Amino acid sequence: MRGFLARYKFHFFIAVVAIVGYWQVSLFRYTLKWDDIDQYFPWRYFVSECLRNGVLPFWNPYQHWGYAMHADPQSGVWYPVVWIISLLHGYDVYANQFDFMLHIVLAGIGMYLLVNQFVNDRKAAFIIGCSYMLSGFFVGNAQHLTFIVSGAWIPFVIYYYSQMYTS
């Protein structure tokens, strides 16, 4: 147990910094606005309702006189996180904010892993991971959920690519 705590303590602190840094979203004080609640939330809600009713969400009849949801990467139809949230809880405003916060924490952890691989200093990697997840990219694009998802996964892509390249 002590080895587990020593290994993942910075991951825990990154999550705490994310909750404190985005406290208005993480503690459900305010909801996300603009494109997030107008565009991404209805699409993911529709995906969630389809999945919970045993239907694959290929076509959304409620927008644009019919809309091929499965062909649009922004809709989240084929994104595993949306499926997990949809099947476990259903997609509502709280799940939408949880989805945002999950990706903020993933961004910090991913950058922590990436930096720690190159500089091998856990404290410096922690500071850079926190700086990345609290940066203007994530704050300024909080309404664009697909940007947040991309920003969260890109450090992992670079990290595992460099792992693959070196080994």
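Look up: the structure comes first, before these words.
Here is what the cut-offs are and how they apply
- Residues numbered from 1 in each chain as written.
- Predicted model: local features only at pLDDT ≥ 70, side-chain atom pairs only at ≥ 80, totals over all residues.
- Heavy atoms only, no water.
- Helix = DSSP H or I, 4+ residues; strand = E, 2+ residues; numbered from the N terminus.
- Buried < 20%, exposed > 50% of the residue type's maximum accessible area, 1.4 Å probe, protein only.
- Contact = heavy atoms within 4.5 Å.
- Areas by Shrake-Rupley, 256 points an atom, 1.4 Å probe, with all protein chains shown as cover.
- Lys, Arg positive; Asp, Glu negative; His and termini not counted.
- Charge placed at Lys NZ, Arg CZ, Asp CG, Glu CD.
- Expected span 1.5 Å × (residues − 1).
- Axes fitted to C-alpha atoms, helices over the stretch in contact; angles between N-to-C directions.
- Parallel < 35°, antiparallel > 145°, perpendicular 65-115°, else oblique.
- Left-handed = near helix turned anticlockwise from the far one by under 90°.
- Nonpolar A, V, L, I, M, F, W, Y, C, P; charged D, E, K, R; others polar.
- Arc of directions from axis to C-beta.
- Core = buried A, V, L, I, M, F, W, Y, C linked by side-chain atoms within 4.5 Å.

Trainee: I tried to follow the overall build of the chain on my own but got confused; where do I start?
Mentor: Helix and strand counts for the chain come out as 8 helices and 2 strands. Element order for the chain, N to C, with α for helix and β for strand: α-α-α-β-β-α-α-α-α-α. Taken over the C-alpha atoms alone, the chain extends approximately 55 × 40 × 35 Å along its principal axes. For the chain, the residues scored as buried account for 44% of the 167 residues in total. At a minimum sequence separation of 6, the contacts of the chain that also span at least 24 residues come to 66%. Surface accessibility of the chain: about 9,900 Å² in total, with carbon and sulfur atoms responsible for 67%. In the chain, 9 positive and 8 negative side-chain charges are present, and the distance between their average locations comes to 19 Å.

Trainee: What is the right way to read helix 1 (residues 2-21) from this model?
Mentor: An ideal rise of 1.5 Å per residue puts 28 Å on 20 residues; helix 1 measures up with 28 Å between its terminal C-alpha atoms. Of the positions making up helix 1, those classed as buried are Phe10, His11, Ile14 and Ala18. Elements that come into contact with the buried residues of helix 1 comprise helix 5 (93-119) and helix 6 (122-133).

Trainee: Just to check I follow, could you spell out the side chain of Ser48 for this structure?
Mentor: By the element assignment, Ser48 lies in helix 3 (residues 35-52). In contact with Ser48, other than residues within four places in its own chain, are Ser86, Gly90 and Tyr91.

Trainee: It is not clear to me how the packing of helix 1 against helix 5 should be interpreted in this structure. Could you clarify?
Mentor: To describe two helices that pack against each other, one gives the angle between their axes and the distance between the axes. With their axes 9 Å apart at the nearest point, helix 1 and helix 5 run at an angle of 135 degrees to one another. One way to sum up the angle between helix 1 and helix 5 is to call them oblique. Crossing of helix 1 against helix 5: the hand is right-handed. Across the interface between the two elements, Phe10, His11, Ile14, Ala15, Ala18 and Ile19 of helix 1 pack against Met101, Ile104, Val105, Gly108, Ile109, Tyr112 and Leu113 of helix 5. In the contact of helix 1 with helix 5, the residues fall into 11 nonpolar, 2 polar and no charged.

Trainee: In this structure, what is going on with helix 4 (residues 80-88)? I would like to understand it.
Mentor: Side chains that are three or four residues apart share a direction in an α-helix, a result of its 3.6 residues per turn. The complete set of buried residues in helix 4 reads Val81, Val82, Ile85 and Ser86. Considered in projection along helix 4, the buried side chains sweep an arc of 130 degrees and stay on one side of the axis. Opposite its buried face, helix 4 presents the exposed residues Pro80, Leu87 and Leu88, each directed more than 90 degrees away. In this structure, the buried side of helix 4 is in contact with helix 3 and helix 5. Following helix 4 by one or two positions, Gly90 has its phi on the positive side, about 95 degrees.

Trainee: Could you clarify how one ought to interpret the side chain of Asn60 in this entry?
Mentor: Along the chain, Asn60 falls in strand 1 (residues 59-60). Taking the relative accessible area as the measure of exposure, Asn60 reaches 3% and is therefore buried. Setting aside chain neighbours within four positions, we find Asn60 in contact with Trp43, Phe46, Gly66, Tyr67 and Met69.

Trainee: In this structure, what is going on with the nonpolar core? I would like to understand it.
Mentor: In summary, soluble globular proteins display a tendency toward joint burial of nonpolar side chains. Within the largest apolar cluster, 28 residues are counted, with the highest numbers of intra-cluster contacts made by Ile14, Phe100, Ile104 and Phe138. At the level of elements, helix 1, helix 5, helix 6 and helix 8 (145-166) are the ones that each hand at least two residues to this core. Ranked by the residues each element gives to this core, the list is headed by helix 5, at 11 residues. Filtering out sequence-adjacent residues up to four positions away, Phe138 remains in contact with Tyr22, Ile104, Ala107, Tyr132, Met133, Ile148, Gly151 and Ala152. In terms of nonpolar packing, the next biggest core, distinct from the first, is built from 18 residues, Phe41, Phe46, Tyr79 and Val149 among them.

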